[in-house]
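Secondary and tertiary structure notes
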Amino acid sequence: MKIDNYKPDYLVEAVYQLDPKRLQALNVRAVMVDLDNTLIAWDNPDGTPELLAWLSEMRENGLKVVVVSNNKQARVARAVEKFGVDYIWRAMKPFAWGIKKALRLLDERPENVIMVGDQLMTDIRAAHRAGVRSILVKPLVESDAWSTQVNRWRERRVWSKLIKRDGEPVWKTSL
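Let me sum up the structure you'll find in this document. All of these numbers come straight from a predicted model, not from anything done at the bench. (Residues numbered from 1 in each chain as written. Predicted model: local features only at pLDDT ≥ 70, side-chain atom pairs only at ≥ 80, totals over all residues. Heavy atoms only, no water.)

Considering the environment of aspartate 107
One can find aspartate 107 in the loop between α4 (97-106) and β5 (113-117). With a relative accessible area of 68%, aspartate 107 lands in the exposed category. (Helix = DSSP H or I, 4+ residues; strand = E, 2+ residues; numbered from the N terminus. Buried < 20%, exposed > 50% of the residue type's maximum accessible area, 1.4 Å probe, protein only.)

What follows is the structure in structure tokens.
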């Protein structure tokens, strides 16, 4: 396992702290975002006013947003269609398949897109495989669906290796 495959390009506390002007300064034209525990809490499929404000700010500044989720279509559709957000379901992260499909949907090149997620083992790894920059955010809630708990165990092992090599991570409050 090559540890750099799991190292995010940026660490930001929450997706809602991404500033469209700063993203544009990084030549980002579209944001791919994981759903559960990144965009919304996994146990709250209805979203929040903060989510609506963030999506509105991205749109007002010309940034496209697409959800890239490993979840089933019904779950993703229920969570995001009411917000008018495109999505890729069963993205098969950590493989690049879903991200590459989203790139085609967005009609964007990898260097103009950034992937945001809360898991090193799926979101960050898939971004690297697809040649897309990555942002790791802290999970919105501390609990996880049962299917994510195995990844969290593996993630702790990877974090310990990254910390041993690079030092403690520095989480930004905005990007």
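Next comes the rest of the account.
Description of the sheet that holds strand β6 (residues 133-137)
Reading across from one edge, β1-β6-β5-β2-β3-β4 is the order of the 6 strands in this open sheet, with parallel pairing throughout. The outermost strands of the open sheet, each flanked by one partner alone, are β1 (10-12) and β4 (86-88). Taking each pair of neighbouring strands and ignoring which way they run, the sheet shows an average axis angle of 25°. Judged from the 4 bridges that link them, strand β2 (residues 30-33) and β5 form a sheet pairing that is parallel. Bridged to valine 33 within β5 is valine 116. Each of β3 (64-68) and β4 touches helix α3 (residues 73-80); the most contacted strand, β4, lies at about 160° to it. (Pairing = 2+ DSSP bridges. Axes fitted to C-alpha atoms, helices over the stretch in contact; angles between N-to-C directions. Contact = heavy atoms within 4.5 Å.)

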